[in-house]
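Structure at a glance
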Amino acid sequence: MHNQTCHELHSLLTNKKISSLELTEAVFNRIEKVEDKVKAFVTLTKEEALHQAKAADERIKNNQNITPLTGIPIAIKDNLCTRGILTTCSSKILANYIPPYDATAVTKIKTAGAVIIGKTNLDEFAMGSSTENSGFHPTHNPWNIETVPGGSSGGSAAAVAANEVILATGSDTGGSIRQPASFCGVVGLKPTYGRVSRYGLVAFASSLDQIGPLTKDVTDSAIMLNVLSGHDPKDSTSIDFPVPDYRKCLIDDVKKVKIGIIKDLLKEGVDPEIKKAIKDAADKLANLGAEMIEVSLPSFEYAVATYYLIAPAEASSNLARYDGVKFGNRIKGAKDLLSMYYETRRNGFGPEVKRRIMLGTYALSAGYYDAYYLKALKVRTLIQQDFEKAFGRCDVLISPTAPTVAFKIGEKVSDPLSMYLSDIATIPVNLAGLPAISIPCGFSRGLPMGLQIMGRAFAEEIILRVAFTYEQNTEWHKKSAFV
Amino acid sequence: MKINVEQVARLARLGLSEEEKALFAVQLSAILDFADNLKKMDTEALFPASHAIPVKNVFREDKVIPCENTDDILANAPEEEKHMFKVPRILE
């Protein structure tokens, strides 16, 4: 059961072939078997999950409020607030934080009747590309446990890939859903900025953060997007834009769809096997009737530098709230207020979070603001303009999701800049607020590769349609991780 | 060295060990050298994009509404007294 998709399990549940309780127990048995190796979770909530599973079975029995998520086990990234359940952001500073409220995304998942089985590991405060920056433990890639699962939603991606759960939520600020999806061979979707409410998502970089699904296939991605999307008065940046039924766009047809291949993301620095896989995917889509166009977005060369000024600047402001006053850990015995701040933050934050607070504080400080922060905001405009030009000619754009497959644990921890460069293909989309999906498109040395499909703002439907067509005509998503 | 680590750490209210100061001085300088690539671009005519989408202020009525879970909120307080957050003395 645990290795099936949400939509397959939904028919088994509604046809009374299985119960949610059986399914939830199967998932926990699977966790018991592999979690030692994968370490995808920070917190497991078995007792509460079994309770929710019984409630779901009741709903199904009475044929009441059944949704495609009813009775389906789901994992929540540990930077989404869950009422009464630890929400740590994989940071020591929040190791004991129990939110007094649910994130809107969590409320929607609960209302749909899904079964929350636990909270997944991440790079501390979602800052990282490997989940090695977790303040608790690294997560391992289920395809090869000596490699990273990507990040920052590495726990969610690994849990789905290892069949420890059916669905998971992630958050994506510079690629944190798509890059781990690519590394773990699953489907990861970052919706348009404003599509999904960020209320209750612990803020990292507020102008870039967006919540989205990590799933085993494109259909499940559409199902989850249906649940998560919509305006929320509690998030003033969520947009009041009609939510279509995203399942309706799952059509196996790309005839006449104009697909741009971004040549700037197939340059040196990209693994030759990944280049080949993307070219093969382009050929496949062309054979299926799509019109392929080569496009250039020259400003992408500056996207990583732009992002690593804007995101840390916003983070340095957002993380000012961890001061030991209202929640989180406070250092004991500080002699005065200032030393309480200094020591609480020194003790509570890990090295990458400190680095980014420093970088962001510097970029915003008097004398450097114009040269760094303001400059980056202007280049951001240029990146947005390059996208606009490309979307004048194309319906969607494609590229690799990441320039490499999963790297070895420890390989990049001492060189932050090389870690940052692994986000080269995912960052531009966040800077422009656009939607993008990563789907499996092959294997290199036994490790999955990802194809990224990007669209205009609120054009999730065409992205899902292209992704679905590619998936229906390939077998990559059917392979299972070894662990 | 590009960055005065001690001064920036003070602005961020961030305590750092001597090793961290030395390490960050090197690492942050490398990152800032990389960021200096942006200086090559002519951005004179461009408007700064602090957001990806057009956003506007969203106002609500300035009205007191009841807050029902103050106990859950205060349960997270590092120190609490008489249903209030307790902090170190801020006035001498």
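This report concerns the structure included in the present document. (Residues numbered from 1 in each chain as written. Chains lettered and ligands numbered in written order. Predicted model: local features only at pLDDT ≥ 70, side-chain atom pairs only at ≥ 80, totals over all residues.)

Within an α-helix, residues lying three or four positions from one another point in the same direction, as the helix has 3.6 residues per turn. Residue and element names in this part refer to chain A. In terms of burial, helix H7 (residues 218-228) is a largely internal element, 11 of the 11 residues being buried. Every buried residue of H7 is listed here: Val 218, Thr 219, Asp 220, Ser 221, Ala 222, Ile 223, Met 224, Leu 225, Asn 226, Val 227 and Leu 228. Taken from the residues just after H7, Gly 230 is the one with a positive phi, measuring 130 degrees. (Buried ≥ 20, exposed ≤ 12 C-beta atoms within 10 Å, placed from the backbone. Helix = DSSP H or I, 4+ residues; strand = E, 2+ residues; numbered from the N terminus.)

Taken together, the contacts link 54 residues of chain A with 42 residues of chain B. Elements with a contribution of two residues or more to the side of chain A that touches chain B: helix H9 (303-318), helix H10 (337-348), helix H11 (351-364), helix H12 (370-393), helix H13 (416-420) and helix H14 (427-432) of chain A. Considering every element that reaches the side of chain A that touches chain B, the biggest residue donor is H12 of chain A, with 11 residues. For the side of chain A that touches chain B, the class distribution of residues is 30 nonpolar, 13 polar and 11 charged. (Contact = placed C-beta atoms within 7 Å. Nonpolar A, V, L, I, M, F, W, Y, C, P; charged D, E, K, R; others polar.)

What follows is about the pairing of strand E9 (residues 396-400) of chain A. Every other side chain in a regular strand lies on the same face of the sheet, so the side chains alternate between the two faces. All names here are of chain A. Summarising burial for E9: five of the five residues are buried, a large majority. The pairing of strand E7 (residues 258-262) with E9 spans three bridges and is parallel. For Ile 259, the partnering residue across the bridge sits in E9 and is Val 396. Relative to strand E11 (residues 447-455), E9 is paired through five bridges, and the arrangement is antiparallel. Following the sheet pairing, Pro 400 is matched in E11 by Leu 451. (Pairing = 2+ DSSP bridges.)

A few words on the pairing of strand E4 (residues 167-171) of chain A. Residue and element names in this part refer to chain A. Burial within E4 is extensive, with five of its five residues counted as buried. Alternating residues of E4 divide into Leu 167, Thr 169 and Ser 171 and Ala 168 and Gly 170, and every residue in both groups is buried. Note: strand E2 (residues 73-77) against E4, two bridges, orientation parallel. Following the sheet pairing, Ile 74 is matched in E4 by Leu 167. Pairing of E4 with strand E6 (residues 211-215) involves four bridges; the strand directions are antiparallel. Of the residues in E6, the one forming a bridge with Ala 168 is Leu 214.

This next bit is on the sheet that holds E7 of chain A. Residues and elements named next belong to chain A. Pairing is mixed across the open sheet formed by 11 strands, whose spatial order is E1-E3-E2-E4-E6-E5-E10-E11-E9-E7-E8. Of all the strands in the sheet, just strand E1 (41-44) and strand E8 (291-295) have a single pairing partner and so form its edges. In this sheet, neighbouring strand axes are inclined to one another by 30 degrees on average, regardless of whether the strands run parallel or antiparallel. Sheet topology places strand E5 (residues 187-190) next to E6; two bridges connect them, and they run antiparallel. Across the sheet, the residue bridging to Val 187 is Thr 215, located in E6. Running over the sheet, helix H3 (residues 46-61) touches E1 and strand E3 (115-120) and is turned about 155 degrees from E3. (Axes fitted to C-alpha atoms, helices over the stretch in contact; angles between N-to-C directions.)

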